[in-house]
Amino acid sequence: MKTTLTLLAALTLTAAVAADDLGQLLFQDDFARNESQEKTDDPGNGWGTNSKSRAKGNKQVDLREGAMYIYLSPEANHAVSVTHAAEFTNGAVSLRFMLEDEKDSLGLDFADVGCKEVHAGHLFAARISPKQVTLQDLKTGGMRLDIHDARQAKKKLTEEQAQALKGKQKIVPLATEVGKWHELVVKISGEELSATIDGKDAGSFSSPGIAHPTKMMLRLAVPRNAVVDDVKIWKK
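What comes next is a walk through the structure.

The next subject is the overall build of the protein chain. Check the secondary structure of the protein chain and you find four helices and 15 strands. Counting only C-alpha atoms, the protein chain reaches 70 × 40 × 30 Å along its principal axes. The buried share among the 236 residues of the protein chain stands at 43%. Counted over contacts in the protein chain with a minimum sequence separation of 6, partners at least 24 positions apart contribute 65%.

Quick look at the structure:
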């Protein structure tokens with residue numbers, strides 16, 4: 001009995017130390033609730049989605065079994081985006097996730113819709129797929145407004161624009177088993193974006209856009225399917 005209590009105390013202390021390392025807890029959600037209705041997205045607790053504008057209002061987010069299931073509607077013309085306020089300069093997001101198929105992926109996209117020099121407020125992102133982790137500076141790279149607009153118009157990029165895209169992402173080969181729950185922590189400190197999966201290093205990347213002073217929103221970007229639980233947002 002004494003050994004069990006000692007072990008529990010040690011685990012509690014470890015969790016407390018880990019939380020202290022991440023900073024001040026701003027938000028948490030374990031999705032242990034029922035939706036008020038089942039016809040359209042209704043995740044509650046401050047979450048929003050793009051289903052009305054991008055999927056003709058079809059349901060793409062479902063709370064069940066104490067988790068948030070995100071899936072792309074056949075009517076959608078854009079990846080699912082599930083959003084929540086996340087205001088900080090330096091901070092972290094931790095969550096549990098599961099990819100159900102080799103084609104699935106989950107992106108943590110940080111945004112500031114008040115930043116008009118980028119498309120739709122995109123600042124930077126960490127994207128997890130079964131074979132790799134991709135860390136991206138979107139603000140000074142592909143979502144810089146002039147670069148985004150030129151690409152959308154299928155115009156040739158200027159030499160400066162082409163140069164601006166170089167070195168704006170890092171791809172880390174890393175196997176993440178599908179059909180299994182994993183622990184993800186994404187940290188932001190100055191110009192550095194880093195990630196761990198199941199407590200193991202999943203890469204780090206430094207770029208100017210990551211240091212944008214006002215991160216205002218977390219977008220969970222899902223181009224196909226993903227399951228998410230135990231989301232926590234921290235401010236350092």
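Now that the structure has been shown, the text picks up again.
What follows deals with the sheet that holds strand β5 (residues 80-88). Taken together, the seven strands give an open sheet; going across it, the order is β2-β5-β14-β7-β8-β9-β10, and neighbouring strands pair in antiparallel fashion. The sheet terminates laterally at β2 (48-49) and β10 (169-173), the two strands that pair on one side only. The pairing of β2 with β5 spans two bridges and is antiparallel. Of the residues in β5, the one forming a bridge with G48 is T83.

Right, let's get into the nonpolar core. Across soluble globular proteins, nonpolar side chains have a tendency to be buried as a group. Core analysis: the largest hydrophobic core is formed by 41 residues, its most contacted members being L95, L106, L108, F110, L184, V186 and L220. With residues up to four places along the chain from it excluded, the contact list for L95 reads L106, L108, H182, E183, L184, L220, V228, D229, D230 and V231.

Bringing the packing of aromatic side chains into the picture now. Using the criterion set out here, one finds four aromatic pairs in the structure. Where F27 meets W47, the ring centres are 5.8 Å apart and the plane angle is 75 degrees; that geometry is what we call edge-to-face. Here F27 is found in strand β1 (residues 24-29), whereas its partner W47 is found in the loop between β1 and β2, with 20 residues between them in sequence. Just as F27 is buried, W47 falls in that class too. Among the aromatic residues, ring-to-ring pairing joins F27, F31 and W47 into one connected group. Between R64 and the ring centre of Y69, over which it is positioned, the NZ or CZ distance is 3.8 Å.

How each quantity is defined
- Residues numbered from 1 in each chain as written.
- Predicted model: local features only at pLDDT ≥ 70, side-chain atom pairs only at ≥ 80, totals over all residues.
- Heavy atoms only, no water.
- Helix = DSSP H or I, 4+ residues; strand = E, 2+ residues; numbered from the N terminus.
- Buried < 20%, exposed > 50% of the residue type's maximum accessible area, 1.4 Å probe, protein only.
- Contact = heavy atoms within 4.5 Å.
- Pairing = 2+ DSSP bridges.
- Core = buried A, V, L, I, M, F, W, Y, C linked by side-chain atoms within 4.5 Å.
- Phe/Tyr/Trp six-rings, centres within 6.5 Å; stacked < 30°, edge-to-face > 60°.
- Lys NZ or Arg CZ within 6 Å of the ring centre and 35° of its normal.

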